[in-house]
Amino acid sequence: MIITEQKPFQEIIDSLKGYTKIFLIGCGECATTCKTGGEEELLKIKSQLEASGKIVLGMCIPGSPCLAPQIKTELAKNMKLLREADAILAMACGLGVQSIKDNDRLGLIILPGCNTLFGAVMDAQGNFFEKCSLCGECVLDVTAGICPITLCSKGILNGPCGGVNKGKCEVDKDKDCAWVLIYRELEKRKKLDELKKIQAPKDFKKATKPHKLILAK
Ligand code: SF4
Ligand code: SF4
């Protein structure tokens, strides 16, 4: 899941300077779940925009605006209103914003209403935690399923560093050292020998952006 936070309203209104008729697009998946781009949030931003003198022509919440078939369908359904719009305000992550731009045949101005923060898992209480940095070369097999790239403050592959103190991280004393967690987990699994293997430096070519995966023939 991609985690977003709504931009401060002043920043949104500044970005809409010069545009009066606005169309809102949310996201029925991640941004709805983290309460930035669902119906409630769109209705709230609509009334804030109207109170600031903007005209909100309409809104839609595609299931996943980052998926071309879904956003194309929603744009087509709302074509009449979109033809009148000066700009689209997208309450979605940066993937959603760019997917809307790529699939909008009218070439409208698409502005982001959210900041995109990180990829996360959600716990049963609805809290979000970053667990993976999408490094392209997963080492969870040798780190007992705990990601050192993301959970260690220094992202080190052979830890812990010299700063670990009573199981806590020297960078953030409230945080458990990821490498202590890895040690404890390997100990439980009777696999402490794994720690004797020195992990080779990562191949950062695999982190070269932009990534792509072409499946269509
Ligand atoms: S090592 Fe960590 S950052 Fe890399 S793919 Fe695995 S979980 Fe993600
Ligand atoms: S104390 Fe542990 S988590 Fe913190 S930087 Fe060092 S190895 Fe990483």
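All values derive from a computational prediction rather than experimental measurement.

Chemist: Can you explain the site of ligand 2? Please cite residues and give values.
Modeler: Neighbouring ligand 2 are 15 residues, the closest being Cys152, Pro160, Cys161, Cys169 and Cys177. Of the residues belonging to the shell around ligand 2, the class tally is 10 nonpolar, 3 polar and 2 charged.

Chemist: How would you explain the sheet that holds strand β7 (residues 128-130) if you had to name every residue and give the values?
Modeler: Here we have 3 strands laid out as an open sheet, ordered β1-β6-β7, and antiparallel in their pairing. Looking along the sheet, the strands with just one partner apiece sit at the ends: β1 (2-6) and β7. Neighbour-to-neighbour, the strand axes of the sheet open up by a mean angle of 65°, direction not taken into account. Pairing of β1 with strand β6 (residues 114-122), which is carried by 5 bridges, proceeds in the antiparallel orientation. Bridging from a neighbouring strand, Ile2 pairs with Gly119 of β6.

Chemist: Now, about the site of ligand 1: what can you tell me, with residues and values included?
Modeler: Lining the immediate environment of ligand 1, one finds Cys132, Ser133, Leu134, Cys135, Cys138, Val139, Leu140, Cys147, Ile149 and Thr150. Taken together, the residues of the shell around ligand 1 break down into 8 nonpolar, 2 polar and no charged.

Chemist: How would you explain the environment of Leu108 if you had to name every residue and give the values?
Modeler: For Leu108, the location among the structural elements is in the loop between α6 (94-103) and β5 (109-112). Residue Leu108 is classed as partly exposed on the basis of its C-beta count, with 18 C-beta atoms lying within 10 Å. Between the alpha carbons of Leu108 and Lys188 there is a distance of 56 Å; along the sequence they are 80 residues apart.

Chemist: Before we move on, could you go through the domain arrangement of the protein and cite the residues and values that matter?
Modeler: Each assigned domain of the protein is listed with its residue range as follows: domain 1 (2-118) and domain 2 (136-201). For domain 1 versus domain 2, the separation of C-alpha centres amounts to 40 Å.

Chemist: Explain the environment of Ile156 to me, using residue names and the numbers behind them.
Modeler: The residue Ile156 is located in the loop between α7 (148-151) and α8 (178-188) in this model. Taking C-alpha positions, Ile156 is 9.0 Å from Trp179, a pair spaced 23 residues apart along the chain. Filtering out sequence-adjacent residues up to four positions away, Ile156 remains in contact with Pro148 and Cys161.

About the thresholds
As a convention, each chain's residues are numbered from 1 in the sequence order in which they are written. Working convention: letters from A go to chains and numbers from 1 go to ligands, in the order in which they are written. Per-residue local features of the predicted model are confined to residues with pLDDT of at least 70, and side-chain atom pairs are confined, for both listing and counting, to 80 or more; whole-chain, interface and lining totals are unaffected and use all residues. Residues are counted as near a molecule or strand when the C-beta atom, derived from backbone positions, lies within 6 Å of that molecule or strand. Asp, Glu, Lys and Arg are counted as charged, while Ala, Val, Leu, Ile, Met, Phe, Trp, Tyr, Cys and Pro are counted as nonpolar; the rest, among them Gly, fall into the polar class. Only strands that DSSP links by at least two bridges are regarded as paired with each other. For the purposes of this entry, the term helix denotes a DSSP run of H or I that reaches at least four residues, the term strand denotes a run of E that reaches at least two, and both are numbered from the N terminus. Fitted lines through C-alpha atoms give the axes, limited to the stretch in contact for helices. The angle between two N-to-C directions lies from 0 to 180 degrees. To assign burial, the other C-beta atoms lying within 10 Å of each residue's own C-beta are counted, with C-beta atoms placed from the backbone; 20 or more indicates buried, 12 or fewer indicates exposed, and intermediate counts indicate partly exposed. By convention here, the domain bounds are inherited from an automatic or database domain assignment. Our contact criterion uses C-beta atoms placed from the backbone: two residues qualify when those atoms are within 7 Å.

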